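The chain contents come next:
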Amino acid sequence: MGIPVLALLFVGFFLLMASFFTVKQQTAVVIERFGKFLSIRNSGLQLKIPVIDRIAGRVNLKIQQLDVLIETQTKDNVFIKMKVSVQFKVIQEHVYEAFYKLEYPHDQITAYVFDVVRAEVPKLILDDVFVRKDDIAIAVKRELNEAMMAYGYDIINTLVTDIDPDIQVKNAMNRINAAEREKTAAMFESEAQRIRIVAKAKAEAESKKLQGQGIADQRREIAKGLVESVAVLNEVGINSQEASALIVITQHYDTLQAIGADTNSNLILLPNSPQAAGDMLNNLVTSFTASNMIGEQMKNQPKRVKKNQDHTSTDYNPSDTSNPTPEV
């Protein structure tokens, strides 16, 4: 009698322990009775009838992430690999649909991502794929929400996390980018060089202008000094020609003294005799006198009548600016 009682007690304890079970946080448990759906139990300590009720499965209510790697072709015939990350979760009020209606949710989500990406990317060239990756992610999310909501799944977010073209295409893009940057750098360097040249030219022009003003002022003062010197010499009985000769001779010797003061000078002044200054002065006076005589003769030359026909260059007076008078 003792052994059957112990056996019954053991079986009763086993059945009692089998009646209780726990459900973890963010998890839902599906209970079936004789193979038929009975209820959904949430987190905490739960009770079921041993043997009659059973745990059909546990559904994770946490946010999950599925990474989908897709190879597709762009509008400009470039093959790229895209990585799309889908964040989703089971809606707590729709655990029944998520458990019974869809057996492989990851495969279903992957299929929809492939379908949307391969429909959107071939419409874009490679550069636009990088710029409009957020638009592609929004299109994937919209399509998944419409499809997966019926199965109790909520699509939290979709992200295009990687776009990987072929290695040769990437190298070409890098070369294009480098060439573009070199072009921009060359343009800036050319502009800087132009600014430097313009600034240097302006500085040189200003320097020449100031230098010219200085030379003009210097010559003006020299001329004033010469006039004063001639006036002083005239007061002591020396005429203008003799005074000019004396001044020229003085400047001649001043020049010789300046040349001799520089030991490294290789300048030779020819002729350097005392008569050279006088000859120079006489030549200048003769030239000025001849120029004045030629000017006076041209002014006193009679005007010629300009003919309308058969005229030559000798028929015109260069200083005559009157209108031609027709011959009667």
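Here the structure is shown first, and the text comes after it.
The structure contained in this document is the topic of the report that follows. Owing to the predicted nature of the structure, the values given are computational and were not obtained by experimental measurement. (Residues numbered from 1 in each chain as written. Predicted model: local features only at pLDDT ≥ 70, side-chain atom pairs only at ≥ 80, totals over all residues. Heavy atoms only, no water.)

## What to know about the packing of aromatic side chains
- Tallied over the entire structure, the rule returns five aromatic pairs.
- Judged by centre distance (4.9 Å) and plane angle (70 degrees), the rings of phenylalanine 37 and tyrosine 96 are edge-to-face. Of this pair, phenylalanine 37 sits in strand S3 (residues 36-41) while tyrosine 96 sits in helix H2 (residues 95-100), and the two are 59 residues apart along the sequence.
- Looking at tyrosine 96, the relative accessible area reads 38%, which means it is partly exposed.
- Joined through ring pairs, the aromatic side chains of Phe37, Tyr96, Phe99 and Tyr100 make up one cluster. (Phe/Tyr/Trp six-rings, centres within 6.5 Å; stacked < 30°, edge-to-face > 60°. Helix = DSSP H or I, 4+ residues; strand = E, 2+ residues; numbered from the N terminus. Buried < 20%, exposed > 50% of the residue type's maximum accessible area, 1.4 Å probe, protein only.)

## Brief notes about the nonpolar core
- Among the nonpolar cores identified, the biggest contains 35 residues, and Val113 and Val117 are the most heavily contacted of them.
- Elements with a contribution of two residues or more to this core: strand S2 (27-33), strand S6 (64-73), strand S7 (79-90), H2, helix H3 (105-120), helix H4 (126-131), helix H5 (133-148) and strand S8 (153-165).
- Not counting residues within four places of it along the chain, the set of residues in contact with valine 117 comprises Ile70, Thr72, Met82, Val84, Pro122, Ile136 and Val140. (Core = buried A, V, L, I, M, F, W, Y, C linked by side-chain atoms within 4.5 Å. Contact = heavy atoms within 4.5 Å.)

## Some points on the sheet that holds S8
- Taking strand neighbours across the sheet as the criterion, the three strands line up as S6-S7-S8 in an open arrangement whose pairing is antiparallel. Since the sheet does not close on itself, it has two edges, and those belong to S6 and S8, each with one partner. Taken over all neighbouring pairs, the strand axes of this sheet differ in orientation by 20 degrees on average, direction set aside.
- Running at roughly 145 degrees to S8, H5 makes contact with S7 and S8 of the sheet. (Pairing = 2+ DSSP bridges. Axes fitted to C-alpha atoms, helices over the stretch in contact; angles between N-to-C directions.)

## Side note on the side chain of glutamine 46
- Mapped onto the fold, glutamine 46 is located in strand S4 (residues 44-47).
- One polar contact links the side chain of glutamine 46 to the main-chain carbonyl oxygen of asparagine 42, over a distance of 3.2 Å.
- Look past the residues within four positions of glutamine 46 in its chain and what remains in contact with it is Ser19, Phe20, Phe21, Val23 and Arg41. (Polar contact = N/O pair within 3.5 Å; in protein donor to acceptor, adjacent residues only side chain to side chain.)

## Considerations on unusual backbone geometry
- Here valine 51, not a glycine, exhibits a phi torsion of approximately 70 degrees, which is positive.
- One non-glycine residue, asparagine 77, lies in positive phi territory at about 60 degrees.
- Relative to the helices and strands, asparagine 77 is located in the loop between S6 and S7.

## Side note on the pattern of salt bridges
- Scanning the entire structure with this criterion turns up five salt bridges.
- Residue arginine 54 pairs with glutamate 32 through a salt bridge whose shortest N-O separation is 3.0 Å. In this pair, arginine 54 is assigned in strand S5 (residues 53-60) and glutamate 32 in strand S2, connecting sequence segments 22 residues apart.
- A relative accessible area of 44% means that arginine 54 is categorised as partly exposed.
- Classification of glutamate 32 as buried rests on a relative accessible area of 7%.
- Of the charged contacts in the structure, one is a salt bridge between aspartate 53 and arginine 33, with a shortest N-O distance of 2.6 Å. Here the residue aspartate 53 occupies a position in strand S5, and arginine 33 occupies one in strand S2, the gap between them amounting to 20 residues.
- You can call aspartate 53 buried: its relative accessible area is 3%. (Salt bridge = Lys/Arg side-chain N within 4 Å of Asp/Glu carboxyl O.)

## Thoughts on a nonpolar patch on the surface
- Among the surface-exposed residues, Phe10, Val11, Phe14, Leu15, Phe34, Ile49, Val51 and Ile52 lie close enough to one another that they form a single nonpolar patch of about 850 Å² accessible area.
- Counting through the fold element by element, isoleucine 49 comes out in the loop between S4 and S5. (Patch = residues over 30% accessible without salt bridge, like charges linked within 9 Å, V, L, I, M, F, W, Y side chains within 5 Å. Areas by Shrake-Rupley, 256 points an atom, 1.4 Å probe, with all protein chains shown as cover.)

## Here's the deal with H5
- With 16 residues, H5 ought to run about 22 Å at 1.5 Å a step, and its terminal C-alpha atoms sit 22 Å apart, in line with that.
- Of all the positions in H5, only Ile136, Ala137, Ala139, Val140, Leu144, Ala147 and Met148 are classed as buried. Relative to the axis of H5, the buried residues are bounded by an arc of 160 degrees and lie together on one face. Facing away from the buried surface of H5 by more than 90 degrees, the exposed residues are Ile138 and Glu146.
- Where the residues of H5 are buried, they touch S7, H3, H4 and S8. (Expected span 1.5 Å × (residues − 1). Arc of directions from axis to C-beta.)

## As for the packing of H3 against H5
- The N-to-C vectors of H3 and H5 enclose an angle of 135 degrees; their axes lie 9 Å apart at closest approach. Of the possible angle classes, the one that applies to H3 and H5 is oblique. The handedness of the crossing between H3 and H5 is right-handed. Note on element contacts: H5 touches H3 through Ile136, Ala139, Val140, Glu143, Leu144, Ala147 and Met148, opposite Pro105, Gln108, Ile109, Tyr112, Val113, Val116, Val117 and Glu120.
- Along the lines of polarity and charge, the residues of the contact of H3 with H5 split into twelve nonpolar, one polar and two charged. (Parallel < 35°, antiparallel > 145°, perpendicular 65-115°, else oblique. Left-handed = near helix turned anticlockwise from the far one by under 90°. Nonpolar A, V, L, I, M, F, W, Y, C, P; charged D, E, K, R; others polar.)

## Some points on the sheet that holds S3
- Strand order in the open sheet made by the three strands is S3-S2-S5, with antiparallel pairing throughout. Each edge of the sheet is formed by a strand with only one pairing partner; in this case those strands are S3 and S5. Shown here is a sheet whose adjacent strand axes are inclined to one another by a mean of 30 degrees, direction ignored.
- Where S2 meets S5, seven bridges bridge the pair, whose relative direction is antiparallel. Each residue of the ladder has a partner; that of isoleucine 31, found in S5, is isoleucine 55.

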